[in-house]
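# Descriptive structure summary
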Amino acid sequence: MSDPMRIRAQLKDGGVTEVRVLMAHIMETGLRKDASGATVPAHFIQSITATHGSKTVLNAQFGPAVSQNPVMNFSFKGGAKGDKVTVSWTDNKGAKRSDEATIA
Amino acid sequence: MNLQRRTTLKTGGSLALIAAAVSAGVLPTSAFAQWNKNAFDAKNLNDVVKAMGGATAEKSNDIAITAPDIAENGAVVPIAVASKLANVESIAILVEKNPNSLAATFDIPAGTEPNVGTRVKMGQSSNVHAVVKAGGKYYVATKEVKVTLGGCGG
């Protein structure tokens, strides 16, 4: 299983929770060739879901053009300090990862 | 729980661990939307908009793309998109001259700000498009980003 995500969720003025996520993933495009000339197969995160309580606050789909170790920023209303924000991703090989953070 | 623990121990691999976690309800299973392969395979702006279910994208001044004018490293180009349009449903980031234009899409449910950011790879200097779906219509804004070192390839 891959390394944990780093998630930071902060409550800002106006009741908006700002979430920053750093995912550890190679994000291989499938176009690159290795030293022997063989194409490196694509391996990238496809879908990301962020939830706050039972509510989905963001759904994202990534293509292979997103940089290695993807970063994602977004913000949503309705969060409170101490609430949990959960972020999950799944990649094109079926690997999954889910991590959560507490809103500060 | 004990049963799952047994199978996990037996098969060992990380996949079994995940399967056990899913069946135990630790990981959400149904939350992921189907990956839109057609849109990610499309080569240009119009094809991407069509693959996402629209006809054409209208130019809009209410979409702001925050990206560097000149990116030194094409492998990590920070792109942020903010929209002032009402009822934003989704935001997509496209890089025109990449092998496949579409880099990422974000679905914005009610309560989430139409303001997202990520980092993308750019093979060469190119226009970056932000396509925003708002109130059932598609809008687009464009910004040119010059790349001094391409992000595709070793």
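Residues numbered from 1 in each chain as written. Chains lettered and ligands numbered in written order. Predicted model: local features only at pLDDT ≥ 70, side-chain atom pairs only at ≥ 80, totals over all residues. Heavy atoms only, no water.

## As for the overall build of chain B
Secondary structure summary: chain B contains four helices and nine strands in total. Secondary structure elements of chain B occur, N-terminal to C-terminal, as α-α-α-α-β-β-β-β-β-β-β-β-β. Buried positions account for 40% of the 154 residues belonging to chain B. Taken as a whole, chain B presents about 8,100 Å² of accessible surface, with 51% of it coming from carbon and sulfur. (Helix = DSSP H or I, 4+ residues; strand = E, 2+ residues; numbered from the N terminus. Buried < 20%, exposed > 50% of the residue type's maximum accessible area, 1.4 Å probe, protein only. Areas by Shrake-Rupley, 256 points an atom, 1.4 Å probe, with all protein chains shown as cover.)

## Some details on the pairing of strand E7 (residues 115-120) of chain B
Pairing between strand E5 (residues 71-77) of chain A and E7 of chain B: two bridges, direction antiparallel. What sits directly across from Asn 73 of chain A, in E7 of chain B, is Gly 117 of chain B. Where strand E4 (residues 77-83) of chain B and E7 of chain B come together, six bridges link them in antiparallel fashion. Bridging from a neighbouring strand, Val 77 of chain B pairs with Val 120 of chain B of E7 of chain B. (Pairing = 2+ DSSP bridges.)

## Quick notes on the environment of Tyr 138 of chain B
All names here are of chain B. Here Tyr 138 is to be found in strand E9 (residues 137-147). Counting along the chain gives 85 residues from Tyr 138 to Gly 53, while the straight-line C-alpha distance between them is 9.5 Å. Setting aside anything within four residues of it in sequence, one finds Tyr 138 in contact with Val 49, Met 52, Gly 53, Gly 54, Thr 56, Ala 57, Glu 58, Val 131, Val 132 and Lys 133. Here Met 52 takes part through its backbone oxygen, which lies 2.9 Å from a polar atom of the side chain of Tyr 138. (Contact = heavy atoms within 4.5 Å. Polar contact = N/O pair within 3.5 Å; in protein donor to acceptor, adjacent residues only side chain to side chain.)

## What to know about the interface of chain A and chain B
Taken together, the contact between chain A and chain B spans 39 residues of the former and 36 residues of the latter. For the chain A and chain B pair, buried surface summed over both sides reaches about 3,100 Å², with 57% attributable to carbon and sulfur atoms. It is Gln 61, Ala 65 and Ser 67 of chain A in chain A that bury the most area against chain B; as a group they hold 21% of the surface buried on that side. Applying the counting rule to chain A against chain B returns one salt bridge. Across the pair Lys 77 of chain A and Glu 113 of chain B runs a salt bridge whose closest N-O atoms are separated by 3.4 Å. Between the two partners, chain A and chain B, sit 20 residue pairs in polar contact (both at pLDDT 80 or more). Counting only elements with at least two residues in the side of chain A that touches chain B, the list comes to strand E2 (16-22), strand E3 (45-52), strand E4 (55-62), E5, strand E6 (84-91) and strand E7 (96-102) of chain A. Per element, the largest residue contribution to the side of chain A that touches chain B is eight residues, and it comes from E4 of chain A. (Buried area = accessible area lost by both parts, 1.4 Å probe. Salt bridge = Lys/Arg side-chain N within 4 Å of Asp/Glu carboxyl O.)

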